[in-house]
Amino acid sequence: TTTTTTTTTTAATTPTPAGAASTSVPQELHMDVVEHTSSPDACAAESPLRENSENNPFPDSFNPDTQAESSTLRNPFLEGVGQPHTLTLSLEPSTFTEEAFLLYRRYTIAVHDKKPSEVTEESYRSFLVDTPLIHEESPYKSANEEEAPFKGFGSFHQHYRLDGVLVAVAVLDVLPNCLSSVYFFYDPRTRFLSLGIYSALRELEWVRRAAIPNLEWYYLNYYVHKCRKMDYKFKFRPSDLLCHRTLKWMPIERAVEMLNKEHNGAFYPDDPPAADSFDPEQILPEVKILLRGRAASFNDFVPESAERLKTRLLEYIRRVGPTLARTIVVDLSLQ
């Protein structure tokens, strides 16, 4: 079992990761801790993928159904090195498109060694399209709408197009106090461009340039200790990891030292667990549940329905803790 952690970063003095283009970045980075039971090499990476359709100006010599990614195959992206190109970004609400799914399929097969039969539309929708977040408009406007467009709170897909061709998709949650990087996938033929690191720098810069009140954090999502595909997250400084036991943040350098000492993901082993101080039964009346498009409380349900929901909701409260249980609106239809 390896340990997973969540990271956050603050904008200010974050140096550029090795190999990345020089750019300024926002002021704080955070991460969360979970248990990851697969081998270090099989852990989730920071990016997904898509296949291009008939109007792809780059000839496609890679068939994910029949062959693995190979350096011997013709790579039209490498052939374009040294030539001028146009990179465009667009931010759209989370929706299914065939174009993005095919990219995700290519990425998953090539990068994560999935069988073609395992990568279905249904699994893609469930993983990266369907979301419990309800899109919400905001009275705030971006301080720099041209370079950092703000389209309210909710789940979004940011499309990266190289000369009009979709080469990567960033799956993002824009929340009142943070931008959360959920997942990123790319065309495996563009691996040499390090688009995963580039996208993180763009997202950090978005937090700074948009300057939305209270939206000051950038979350790099989970960090799996000793997983090579997660190593790049350690290069972003200053950043912190979240202790899953105490829910306290620790600078990533010290946190990794603690993980190396096999503290089971607890950065503050002598502190009491955060969950010891609350009773799920007392939190239950404050839990918000999505009912017919609006947030209802547990007490709004008739006794028979409430009794059926009680066990599931108590387990939910134990898992997420009192703060999130009081804040999140639960969509039970997604469980």
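Rules used throughout
Residues numbered from 1 in each chain as written. Predicted model: local features only at pLDDT ≥ 70, side-chain atom pairs only at ≥ 80, totals over all residues. Heavy atoms only, no water. Helix = DSSP H or I, 4+ residues; strand = E, 2+ residues; numbered from the N terminus. Buried < 20%, exposed > 50% of the residue type's maximum accessible area, 1.4 Å probe, protein only. Contact = heavy atoms within 4.5 Å. Areas by Shrake-Rupley, 256 points an atom, 1.4 Å probe, with all protein chains shown as cover. Pairing = 2+ DSSP bridges. Salt bridge = Lys/Arg side-chain N within 4 Å of Asp/Glu carboxyl O. Polar contact = N/O pair within 3.5 Å; in protein donor to acceptor, adjacent residues only side chain to side chain. Phe/Tyr/Trp six-rings, centres within 6.5 Å; stacked < 30°, edge-to-face > 60°. Lys NZ or Arg CZ within 6 Å of the ring centre and 35° of its normal. Core = buried A, V, L, I, M, F, W, Y, C linked by side-chain atoms within 4.5 Å. pLDDT = per-residue confidence, 0-100. Arc of directions from axis to C-beta.

A.B. asks: Any chance you could break down the overall build of the protein chain for me, citing the residues and the numbers?
C.D. replies: Each helix and strand counted, the protein chain has seven helices and 13 strands in total. When each of the 335 residues of the protein chain is scored for burial, the buried share is 46%. Restricting the contact set of the protein chain to residue pairs at least 6 apart, pairs at least 24 apart contribute 67%. If you sum the accessible surface of the protein chain, you get close to 17200 Å²; carbon and sulfur atoms cover 51% of it.

A.B. asks: Pulling in residues and values, what's your account of the sheet that holds strand β12 (residues 294-297)?
C.D. replies: The strands making up a sheet associate through hydrogen bonds between their backbones, and the pairing can be parallel or antiparallel. The strand order β12-β11-β13 describes an open sheet built from three strands, whose pairing is mixed. Because the sheet does not close on itself, it has two edges, and the strands there are β12 and β13 (329-330). Both strand β11 (residues 288-291) and β12 contribute to a ladder of four bridges, which runs antiparallel. Bridging from a neighbouring strand, Ile289 pairs with Ala296 of β12.

A.B. asks: Hey, could you go over the pattern of salt bridges for me, with residue numbers and the actual values?
C.D. replies: This structure, assessed with the given rule, holds ten salt bridges. Glu205 is paired through a salt bridge with Arg209; the nearest N and O atoms lie 2.9 Å apart. Taken together, the residues span about one helical turn, with Glu205 and Arg209 both in helix α4 (residues 195-210) at a distance of four residues. Relative accessible area serves as the criterion here: at 10%, Glu205 is assigned to the buried category. Between Arg318 and Glu315 there is a salt bridge whose closest N-O contact spans 3.7 Å. One end of the pair is Arg318 and the other is Glu315, both in helix α7 (residues 303-327) and three residues apart, which spans about a single turn. With relative accessibility at 48%, the residue Arg318 sits in the partly exposed group. A residue is classified by how much of its surface remains accessible, and Glu315, at 34% relative accessible area, is partly exposed. Overlapping salt bridges bring together Arg106, Asp187 and Arg189 as one network.

A.B. asks: Go over the side chain of Ser155 with me, naming the residues and quoting the values.
C.D. replies: Of note, Ser155 is situated in strand β4 (residues 154-162). Assessed through its relative accessible area of 10%, Ser155 is described here as buried. Within the structure, Ser155 has its side chain in polar contact with the side chain of Thr131 (distance 2.7 Å). At 2.7 Å, the side chain of Ser155 forms a polar contact with the side chain of Asp173.

A.B. asks: Let's hear about the packing of aromatic side chains: which residues, and what values?
C.D. replies: Scanning all chains against the criterion turns up 16 aromatic pairs. Aromatic pair Phe96 and Phe101: ring centres 6.1 Å apart, planes at 35°, arrangement tilted. Residues Tyr219 and Trp249 carry aromatic rings whose centres are separated by 6.2 Å and whose planes lie at 55° to one another, so their mutual orientation is tilted. Residue Tyr219 is located in strand β7 (residues 217-219), and its partner Trp249 is located in strand β10 (residues 249-251); the two are separated by 30 residues in the primary sequence. Taking relative accessible area as the criterion, Trp249 reaches 29% and is therefore assigned partly exposed. Here the aromatic cluster, defined as three or more aromatic residues joined through ring pairs, consists of Phe96, Phe101, Tyr104, Tyr107, Tyr124, Phe127, Tyr160, Tyr183, Phe184, Phe185, Tyr186 and Tyr198. Here the basic side chain of Lys248 rests over the ring of Tyr268, its NZ or CZ set 5.5 Å away from the ring centre.

A.B. asks: Which residues make up the nonpolar core, and what values do they have?
C.D. replies: Counting residues in hydrophobic clusters, the biggest one holds 47 residues, and the most contacted among them are Tyr124, Val174, Phe185, Trp206 and Phe236. Every element with two or more residues in this core is listed here: α2 (98-111), α3 (121-129), β4, β5 (165-175), β6 (178-186) and α4. The element contributing the most residues to this core is β5, with nine residues. Here Tyr124 is in contact with Phe96, Ala100, Phe101, Tyr104, Val129, His157 and Phe185, once residues within four sequence places are set aside.

A.B. asks: How would you explain the confidence of the model for the protein chain if you had to name every residue and give the values?
C.D. replies: When pLDDT is averaged across the protein chain, the result is 76; 74% of the residues are at 70 or more. Within the model, pLDDT remains below 50 along residues 1-6, and this stretch shows 51 contacts once partners closer than five positions in the same chain are excluded.

A.B. asks: Lay out the side chain of His157 in plain terms, naming residues and giving numbers.
C.D. replies: Structurally, the position occupied by His157 is in strand β4. A residue is classified by how much of its surface remains accessible, and His157, at 2% relative accessible area, is buried. Within polar-contact distance, the side chain of His157 engages the backbone oxygen of Leu128 at 2.9 Å.

A.B. asks: A description of α3 should follow, citing residues and the corresponding values.
C.D. replies: Residues of α3 that are buried include every one of Tyr124, Leu128 and Val129, and no others. When α3 is viewed along its axis, its buried side chains cluster within an angular range of 75° and face the same direction. The exposed set on the far side of α3, more than 90 degrees from its buried face, consists of Glu122 and Ser126. Looking at the buried residues of α3, the elements they touch are α2, β4, β5 and β6.

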